[in-house]
Every structure is written in structure tokens, then in C-alpha cells.
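# Tertiary structure, described
Below, each chain spelled out in residue letters.
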Amino acid sequence: MPHSLDQILPSLQALGVWTYWAIALFAMLEAIVGVGIVAPGALVVFAGGMLVQRGVLDPFDLGWFVIAGTVLGGEISYRLGRLAAHGLEGSRRFTASRHMIRAKALLARYGALAMLIGRLSGPLSAFVPFSAAIADMSRRRFVFWNVASAFPYTLIHLSLGYFFGGAIGTMGAAAPRILAVGAAVLAVLALVWYLLRRLRRALPLLAEIGHAVGAGLARKPFARRLIDRHPKLAAFMAERFATARFLGLTFTVLAVLFLYVLTIYFDSVFDFLVSPDVASADTRIANMFYALRDDRLIAVFGWITGLGSWKIVITMLVGATAALMIQRRHALAGGLWIAAVGNQLCVALLKSFFDRPRSALGYFTETSASFPSGHAAASVAVWGMLFYLAWRTRLLSAEIAGLIAVTLAVLIGFSRIYLVEHYLSDVLNGYLVGALWLIIGVAFCEWRRDRIGRGTAPRNHRLSLGVITTAALMALVLASTQSAPLNTVSQASPITARDPVSILGVEPELRETQTLAGAPRQPVNLMVVAQDPQAIGSAMQDAGWILAPKPGLGVLARAVWADWTGAAMPRPLVIPTFWNNQPSDLGFARPDDSPSDTLRLHARFWRTDFTTGERMILVGTLTSEDPIDWLADPDDPAPSLAPAPAQLDALIAALRSSGLVALAVR
């Protein structure tokens, strides 16, 4: 499952034994007051449950790590509450906080049991132990409930991850279509919107808590001794968390964020250079989207991808710069151009260095290298800066600006993948490059804003808004009228093979099929010589087989639910698998009146580049399988894959009776 929720951390699955420590770290961070607002601890633990379902992690070992991290985070919040108790006395902002009101209400109503309830209540998970300390809960009582509440938290989140690991794996392997991706995109956007709202509302309270904790810590005897012994270091650290100037807390947050994104970037480059699974997955996903192209979706994503082109980007840059000049916001204009120019130069250098060829399946003709994606980088660096400036100039609120920026970046990046202009790894790496330059641009703007003062209300607001509107309309017109040359996918020259079975000996990997994740699925056990795939379709349907459509999101959702509840599966349901990095061209289900859903007979066919001179050669598999369960653990060899010899012989006889040449591969 290389590109699903288990990737919430960079290469989480590739960390090996350190994966346990990484998940425990996020479980701890979520339980720390302040950090828990933005740390996706529950999602990371959820992802750990998915990795358990995949057999990557041991459930008992991971459970103990999560429990330890959660307990430690609660202990830290309790100690922070002890430190901040004196500084928060009489604070209106603290006592009026929604989180604190709810946390205190839980403690008043349920006593120590509130620790358990709060642990499962998202944002309250860190505020309840913090409030317990301020309410002077005894340490012995707190420790007992802190440990006791960690067990149900761990069990529930890992169990949910385990269950949804199978469901999401099924969706990802069986329905990599626009509906499934659209649902995932909406979920990501909703999460981003939710986190932005939480963060903005909590920032004043968190700043006050941080100040109170710092003051309480400074009063401790050991802290006073350290401060007296190292006054310069103490002054330096205090300045890093000061809120009155840029080089304080703002710079600290941006620097930490920059280093984190840079770490992920180097990790992604390392995976790209040394892991063959990245290139293999990229190829399978590109072939998949090429096989599932739809003219209407191409029109939509062709327009969306234009928003990341430099025609549109430069138009918006010029319009935004003119508006900022009218408002005399020179510092903001400087940050915008630093991010835009730096991003473009960096992408050009990286493309030249890696020199990755484009996929031959791209819809438009592109001449530059593939890695990283310039459109994806610009969608973050340039469009991200534009929406940051829209917030700074009071055109949009922080939540709306952030949500639109993330939405646009996701859509532009996905359009590049859907049109096969870039591979998935190209887009993800482009996002990271753009994010680095976005942080640099924002840092410059905040630094200049601090140097020249906070400023007054924008001047000529209506005029500048008119300039921005004109530039946006021009960009939309350019996006709708751009005419990039279409790419003509050249077909490989057919290779003549006298013996069809001999083509499996050309490359060993051609003997076996794979899942979308690249796990071995089943050896090829059938070969057919036909005029075209339609001839096989007619022959199979004449023999009583049902042609299975590509499974959509609704069908898969019903199938997963039926598999979980034991209800009857939708029919026909033949999930595509891959051969030679290509999804199956045809899938068929054998009608079966048996009420059992345990095993069904499925046939899949792939076209090849080989011919007998006049007709093409196709490879196939006849499979006896459960429609869904085999996706749950693709690494587990399933003896039910091999059909009975009589079933394979019957299928071959049916194909031969229609005038086709069919051979069994034993």
C-alpha cells in the first residue's frame, strides 16, 4: 500500500523498527497540550493499524509503543499544567477557552474518569490532563487514570486502522478511478480545513499557556541555576519564543517547518534513486490512468492543469505585483517574486540533474524532464504565496485562503497524474520543492513586515482588487484557450513469435501477475491468439461468461461492506490485476448459482506486443478466488488461486470452439 494513509509520515513503512518509535512519538505529541492541536497522532496510530493489517508491524509490539507514547504525553501535559497553574490564575482567555470549559466540565462531572473520556475526544486529549493538574488532582490518582485510559485509546485506534486497512487497500487496488480519488481528496481537504480552524482559534490560548509554562519553569531552582550559569544561552532561547518580533516564535516555527519539509524532500529523493518499487508503482499508476481515460475528464483536467502553466502563473504574478504596488506593499511583492523565481530556478536545475524521461503515455507533448513536476511545485510555491498575500491584505480569511490553496494544489497535481504528464513521485517531489520556497517567501514577507512595522489599512483597496480581478479573468481565459500539442502515443512494433508460450521466457517477470501494490499475484496460466481483444470478449460471452465492468466506488463500497458483514457480494466483481505493469484489459466472471461467496471463477486477459504474424497474442489467468479477501493480505500465498485442471480445460475448449487459438500454460 505505497500511496495511502500509511504514508502520513515520509516512508513510514520503510523505517523498519523505527516505525514503532515514530508512531509512539506522534501518539505522545497528540497528548501534549498545544502540540496536540496540530500533531495528527490519532491518524498516525490509525495508519499503524493499517500497517498491522498489512503484516508490516506486530500488533502487540506496536500496542505497547503507542501506550507508552500516550502515557508519556499525558504526563508531560500534567507537568506543564503544574508549571502554568500560577501564571494562568485569573486569565480570562484561559478560563473562557472552549477546550478548557469542556475539559473542566468533564472533570467536574466524571472526576478522574474524565481522563478516559477526554483521551477519546480528539482536541480534549491534551487539555484534560492539563486541566487536571490545574485542578490539583493528586499525582497518584492521575498516574492511574493516565495509564488506564491509554489502553482503550490504543485498542480502538489500532482496531479501526486494521479494519479500514483492508477496506482502503481494496479501494486503492480495485477502484483507482476518479470517484475514489475524489473522495480521498475531499477527506484531505476537510481535514486541512478542520486543522486550520482549530489552529487559528487555539493560537492565542496556546501563546498564553506557553508564556505561563515558561514563567513557571523559570521559577524552578534548577532552571534558575542554569540561567545564572549560561545567561547568553538562556537569553537566546527566550528570544526564540518571543512573540513581539519576527526572529522570535515566528522564525522558530518557520525554521522547524522548513527543516521538516527538507527532511521529507531528501527522503523522497532517496526513495526515488534507490528504490525500484517507486519506479514500478509510478509505471503501474500511469498505465492505469491511461487505460481508464475518459474524454470528459480529460477536458476538465486539461483545463485545471493549465492553471499551473507559466502563462497563467506569470499573469497572476504580474496582476498581484501591480495590486501590491498600488497598496505600497513592496515587502509582500518581494516575497512573492522570491518564491516564484527561486522555485522556477530550483525546478529547472533539478530537472536537468535527474533528467527523468517523460512517460510516453502523456496526453500533451512535453519536452522537459519529468522529475520533479514544475506544475506541482508552482501550485504550492506561487499559488500558495498568492493566497497567503490574499490573507495578509485582508481579501480572504486564513481558513478560506488555506482551504482554496490546498484544493488548487491537489487538483493541479492530480491533473498531471491523470493526464500522465508526470508520475506520482514527480508530483509529490514537486509539492515538496514548492513548499520549501513557499516557506522562504513567507519568511521574507514576515521579516520585512517586522522591520518596517505592521502597517496600516491597504490604500486604494478597490483599485488593487480590480487589478487582481482583471488578472484572474485573463488567467482563466488563457487556461481555457491554451492549445498545447497533443501527444500521439506510438505503438510498439509487433514482435513475431512462432510459439506463443515462448514469450514468457523473454523476461522472468512476464510469467507472473501482480497487484497494484506490486505484490506477486498469480502466474500466467492461459494464452490466446485472437484478432483483437473484442474477439475474446465475444467468445467468452458466447460461452456464458459475464463481462465485468471496471468496478466503481459504489460497487466497491458495497463489496467491502458485504465482505465485513457476511452479506452477498455484488456480481460480477472482477478486480483488475497487473501484468507487465499494465492493468487487465478484460475481466470475466463465471455465473455461479451457489449462494456461497467464498470462491468464484474469474478470467482476466492482457494484450501483448507479440503476434503470430497476422493475429495478436494475449496472456490470461483463470483464477478461483474470493472477490475481496485476497486483497487483504496480498503477500499471503493463496492455494485457491489455481483453478481445477478441468475448469481450465473447459475454458480453453470454449475459446477454441469460437475459432481462437487457446493454450494452457502449466
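The structure reproduced in this document is the subject of the present report.

## Describing the packing of helix 17 (residues 374–392) against helix 19 (residues 424–452)
Running from N to C, helix 17 and helix 19 point in directions that differ by 30°, and their axes come no closer than 6 Å. It follows that helix 17 is roughly parallel to helix 19 by the angle criterion. Judged by the twist between their axes, the crossing of helix 17 over helix 19 is right-handed. Taken together, the residues of helix 19 that come into contact with helix 17 (itself represented by A376, A377, S379, V380, A381, G384, M385, Y388, L389 and R392) are V427, G430, Y431, G434, A435, W437, L438, G441, V442, C445, E446 and R449. Class assignment for the residues of the contact of helix 17 with helix 19 results in 14 nonpolar, 5 polar and 3 charged.

## Regarding helix 15 (residues 310–326)
Turn by turn, an α-helix covers 3.6 residues, leaving residues three or four places apart pointing in a common direction. Helix length check: helix 15, at 17 residues, gives a terminal C-alpha distance of 24 Å against a target of 24 Å (1.5 Å per residue), a fit within 8%. Taken together, the buried positions of helix 15 are occupied by I312, V313, T315, M316, L317, G319, A320, T321, A323 and L324. Trailing helix 15 by a residue or two, R328 shows a phi angle of about 60°, which is positive.

## Remarks on the environment of G537
Relative to the helices and strands, G537 is located in helix 21 (residues 533–542). Taking the C-alpha atoms as reference points, G537 and G587, 50 residues apart in sequence, are found 9.1 Å from one another. The contact partners of G537, leaving out residues within four places of it in the chain, are L586 and F588.

## Here we look at the pattern of salt bridges
Pairing between side chains of opposite charge can happen when their charged atoms approach one another. One pass over the structure, following the stated rule, counts 7 salt bridges. Note that D426 and R356 form a salt bridge whose closest N and O atoms lie 2.8 Å from each other. Here the residue D426 occupies a position in helix 19, and R356 occupies one in the loop between helix 16 (330–354) and helix 17, the gap between them amounting to 70 residues. An identical accessibility class is assigned to D426 and R356; each is buried. A salt bridge links E625 to R521; the shortest N-O distance between them is 2.5 Å. Placement of the pair is E625 in strand 10 (residues 616–625) and R521 in strand 3 (residues 520–523), with a sequence separation of 104 residues. Grouping residues by exposure puts E625 and R521 together as buried. If you follow the salt bridges from partner to partner, you end up with D282, R356 and D426 in one network.

## Let's talk about the packing of aromatic side chains
Considering all chains together, one arrives at 15 aromatic pairs under this definition. Ring plane angle 90° and centroid distance 6.0 Å describe the contact between W64 and F151, whose orientation is recorded as edge-to-face. With W64 in helix 3 (residues 59–84) and F151 in helix 8 (residues 139–174), this residue pair connects regions lying 87 residues apart in the sequence. For F151, a relative accessible area of 38% puts it in the partly exposed group.

Parameters at a glance
- Residues numbered from 1 in each chain as written.
- Predicted model: local features only at pLDDT ≥ 70, side-chain atom pairs only at ≥ 80, totals over all residues.
- Heavy atoms only, no water.
- Axes fitted to C-alpha atoms, helices over the stretch in contact; angles between N-to-C directions.
- Helix = DSSP H or I, 4+ residues; strand = E, 2+ residues; numbered from the N terminus.
- Parallel < 35°, antiparallel > 145°, perpendicular 65-115°, else oblique.
- Left-handed = near helix turned anticlockwise from the far one by under 90°.
- Contact = heavy atoms within 4.5 Å.
- Nonpolar A, V, L, I, M, F, W, Y, C, P; charged D, E, K, R; others polar.
- Expected span 1.5 Å × (residues − 1).
- Buried < 20%, exposed > 50% of the residue type's maximum accessible area, 1.4 Å probe, protein only.
- Salt bridge = Lys/Arg side-chain N within 4 Å of Asp/Glu carboxyl O.
- Phe/Tyr/Trp six-rings, centres within 6.5 Å; stacked < 30°, edge-to-face > 60°.

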